[in-house]
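# A structural walkthrough
So you can see what is in the structure, the chains are spelled out below.
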Amino acid sequence: MKVIAVVFALLLSCTLATKEVAKKNKKSKLYVPQIECDIKAAKIINPEFIAKCPSGCQDTKYRVYGTDIYASFSSVCGAAIHSGIIDKAGGKILVQKVAGQSGYKGSYSNGIQSLSLPRWRESFIVSEGKPKKGVQYPSTLEYSSVKSPSAKGGTSLRREYLTTAAPLSGTKTVTSLPKPTVVTTESVSTVPKPTAVPTTIPTTLSTKAMTVATAKPQHAMHKVRDIGSSHVHPAYSSVAAVASRQVQAVQGRTQNQAFRSTSSYASNRNIPRANAGIQRQEPIASFRKPASSPANLAVETDLWKSESSLFETGFSSKEDLIPKPLEPVSQGNPNCKVDLSFLIDGSWSIGKRRFQIQKQFLKDVAQALDVGIAGPLMGIIQYGDDPSTEFNLKTYLNSKDLKNAIEKILQKGGLSNVGKALSFVNKNFFDDSNGNRGGAPNVAIVMVDGWPTDKVEEASRLARESGINIFFVTIEGPDENEKQNVIEPNFVDKAVCRTNGYYSINVPSWFSLHKIVQPLVKRVCDSDRLACSKTCLNSADIGFVIDGSSSVGTSNFRTVLQFVANISKEFEISDTDTRIGAVQYTYEQRLEFSFDKHRTKQDVLNAIKRINYWSGGTSTGAAINYAFEQLFSKSKPNKRKIMILITDGRSYDDVRGPATAAHQNGVIAYSIGIAWAAQDELEAIATDPDRQHSFFVDEFDSLYRFVPRIIQNICTEFNSQPRN
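Description of the structure in this document.

Analysis parameters
- Each chain carries its own residue numbering, running from 1 in the written order of its sequence.
- Residues qualify for local features only when their pLDDT is at least 70, as the model is predicted, and side-chain atom pairs are given and counted only at 80 or more; totals for whole chains, interfaces and linings, by contrast, use all residues.
- Only hydrogens and water are set aside when side-chain values are computed; all heavy atoms of the structure are taken into account.
- For the purposes of this entry, the term helix denotes a DSSP run of H or I that reaches at least four residues, the term strand denotes a run of E that reaches at least two, and both are numbered from the N terminus.
- Each residue is placed in one exposure class: buried if its accessible area under a 1.4 Å probe, protein chains only, is under 20% of its type's maximum, exposed if it is over 50%, and partly exposed if it falls in between.
- Counting of polar contacts relies on pairs of N or O atoms within 3.5 Å, with two restrictions inside protein: one atom must be capable of donating a hydrogen and the other of accepting it, and residues adjacent in sequence are counted only when both atoms are side-chain atoms.
- Residue contacts follow a heavy-atom distance rule, with two residues in contact if any of their heavy atoms lie within 4.5 Å.
- Only the six-membered ring of Trp is used, alongside the rings of Phe and Tyr, when aromatic pairs are assigned; centres must lie within 6.5 Å, and planes under 30 degrees apart are stacked while those over 60 apart are edge-to-face, with the rest tilted.
- We define the nonpolar core as a collection of buried residues of types Ala, Val, Leu, Ile, Met, Phe, Trp, Tyr and Cys that are connected through side-chain atoms lying within 4.5 Å of one another.
- In what follows, a disulfide is any cysteine sulfur pair within 2.5 Å.
- Pairing between strands is defined by DSSP: at least two bridges between them are needed.
- A fitted line through C-alpha atoms represents every axis, and for helices the fit uses only the stretch in contact; the resulting angles, taken between N-to-C directions, go from 0 to 180 degrees.

### Thoughts on the side chain of Thr620
For Thr620, the location among the structural elements is in helix α14 (residues 620-630). On the accessibility criterion, Thr620 (2% relative accessible area) is buried. Polar side-chain contacts of Thr620 include one of 3.0 Å to the side chain of Tyr585. Look past the residues within four positions of Thr620 in its chain and what remains in contact with it is Tyr585, Leu645, Thr647, Ser651, Asp653, Val655 and Ile685.

Structure (structure tokens):
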């Protein structure tokens, strides 16, 4: 019997050991976050990730730009369908961010028409959603804005709060413990739990709504709520920031990630984020943990003795917790809402004394601008051999903090490689993650001592095409004997936004630099003069002239309206950006809506849907005259006037005279003919060269194919305009 018992024990031990080994060797299941159809790659910070797309992402409203390599402005899931990785039912995909391209070619594939784009700062490629060997993929995606879309499956990037639990009365613990720190979101409730408190209480971090189970709720439990900068005690924010950073460090995340979804208090109080180039001291230094302390404790344990409460940690009474009025902080000059990058010269040629003069100039400009979230934002890049960001647009949100940071900038030395710096600004600086606000003009002011040591023309051209307004401030430029040493003659005119003198200032001496502070600020703040902010998609008045004759028919007329809507979708529509108007004609003409009628894209699309089919004859010449009188004669002076005429037959009247008159008055005309349209009339209506402005198709259902070509031609023509 003893032998049997021993054998049985050995078998049981082997079985348990085998299970343990199998359990250890079992691979952890990869959690794949789900994204929505409208999520663009640019909004996701992660450089490489696996995600799951839902069904239905083949809809045309989810725009895709490019083929095989897609601009990050594209819908991720739409690009996955276009490339054939998934179908309309959705599925898992692997996304990898790559460098921006100089051009993206549109194509029709798998039921999706991708569009062309002249260039974009970032790209991505899509492949089958299988993890690569040795690569760890995130289970939660990080988004570039605070209001990040929730990933299905319970993961959400929401604001986090700090909850500090006091010791539970009536419960004995084996050892003396610091109070546990729990980071959770707004949905917090306490549920009584009958079991005893364990001797080890882990620190918990969660980014989704959850319930905290604890013992009977105690009056000593405090929660720091995110109720805005004017209501939160500064000490609370300091504790929350320190705790969040240390908890994130335990879980292997960077400080940058730890701050992405935390309280907005830090930004409202102008405290630099964790990835800022220059850091300021935390407001309450006593709450910071020494480096030698255990990493799993978020708050200095010596401050939290057993049976103590929050009121014993520096506050003498409840009245001390009442928020004190904060000093009013300027929100910035609302009449100067620009996103500004200063490229400062850190080369050895400038010398230490002149570098200090340059910093004083920057401080004077910051003061004159009145930096703030409702006005101008300012970041600084220092260049030498290579450029580097001193701080970005969102690091400092008032002039006082900005000036203090400027004073701490150290000279890096090297050559004066301005071309490299401009390329760096174009590719990296004006990004949403760096504080770029989208609606504010992008301005780059380049400070140059003497002349650049590399070429600037190509880098400047690409920056201008991206909508960056480039100013040059040259100090002590080359004299006649030195001009032979300049690598690129006339480098200023080759770089600035326009060559009319508005975008360049030459200062004869560093000691007179202070004299140009006010003139420079005035130029930068005059948004109406910032010509390079205008792109092909936000600077036109587009008038559609639509044939409503009897030969079109009700069904085909709806197809024409969809074509008009598809073109309109591609533009940035507002009262200050692109505006849309429409005229329908037969023998007579009717103004469907004028340029100033609708101020949002959705309003324009709704108005297009409401256009009723008229029916009648075809007087195209009279329609062109009518469109000019009712639409283009009322166009804004700084807008490009673009007419897109759609017809399916020969006109009963002359089109050449009205078309010529429109051309002479600055109207760029595109003609789209269907079925029985006359080719000679289409060419007469179109602006020269005809082949870039005139299109013909046999069937109404094929109209959609012209959308990418028309957009591309409009943008190509815009980018080729003279710069004076």
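Next, the rest of the story.
### What to know about the packing of aromatic side chains
Within the structure shown, the criterion is met by 14 aromatic pairs. Plain terms: the ring middles of Tyr70 and Phe124 are 5.8 Å apart, the flat faces sit at 35° to each other, and that makes the pair tilted. On the criterion of sequence distance, the pair formed by Tyr70 in strand β3 (residues 69-71) and Phe124 in strand β7 (residues 122-128) is long-range, its members being 54 residues apart. A single burial state applies to Tyr70 and to Phe124, both of which are buried. A centroid spacing of 4.8 Å and a plane angle of 45° characterise the contact between Phe471 and Tyr503, whose relative ring orientation is tilted. With Phe471 in strand β18 (residues 468-475) and Tyr503 in the loop between α10 (491-495) and β19 (504-507), the pair connects residues that are 32 residues apart, well separated along the chain.

### Things to note about the nonpolar core
Core analysis: the biggest nonpolar cluster contains 69 residues, and Phe342, Met378, Phe472 and Leu513 have the highest contact counts within it. The dominant element in this core, judged by the number of residues it contributes, is helix α6 (residues 351-369), at seven residues. Setting aside residues no more than four positions away along its own chain, Met378 makes contact with Leu340, Phe342, Leu362, Ala366, Leu369, Val371, Phe391, Asn392, Leu393, Leu402 and Ile406. Judged by nonpolar contacts, the second largest core, of 47 residues, contains Tyr104, Val552, Phe593 and Phe718.

### Details of the environment of Pro489
Relative to the assigned elements, Pro489 resides in the loop between β18 and α10. When its relative accessible area of 49% is taken as the criterion, Pro489 is described as partly exposed. As a C-alpha pair, Pro489 and Lys455 span 34 residues in sequence and 9.5 Å in three-dimensional space.

### Some words on the state of the cysteines
For the coordinates displayed, the defined rule picks out five disulfides. Across the disulfide from Cys336 sits Cys525; the S-S distance is 1.9 Å. Because the sign of the S-S torsion sets the handedness, a value of about -70° for the bond joining Cys336 and Cys525 places this disulfide among the left-handed ones. Placement of the pair is Cys336 in the loop between α5 (265-268) and β14 (339-345) and Cys525 in helix α11 (residues 517-525), with a sequence separation of 189 residues.

### Here we look at the sheet that holds β19
Read across the open sheet, the six strands follow the order β16-β15-β14-β17-β18-β19; overall the sheet is mixed. Since the sheet does not close on itself, it has two edges, and those belong to β16 (387-391) and β19, each with one partner. Ignoring strand direction, the axes of neighbouring strands in this sheet form an average angle of 20°. Each of β14, β15 (377-383) and β17 (442-449) is contacted by α6, which is oriented at about 170° to β14, the strand it contacts most.

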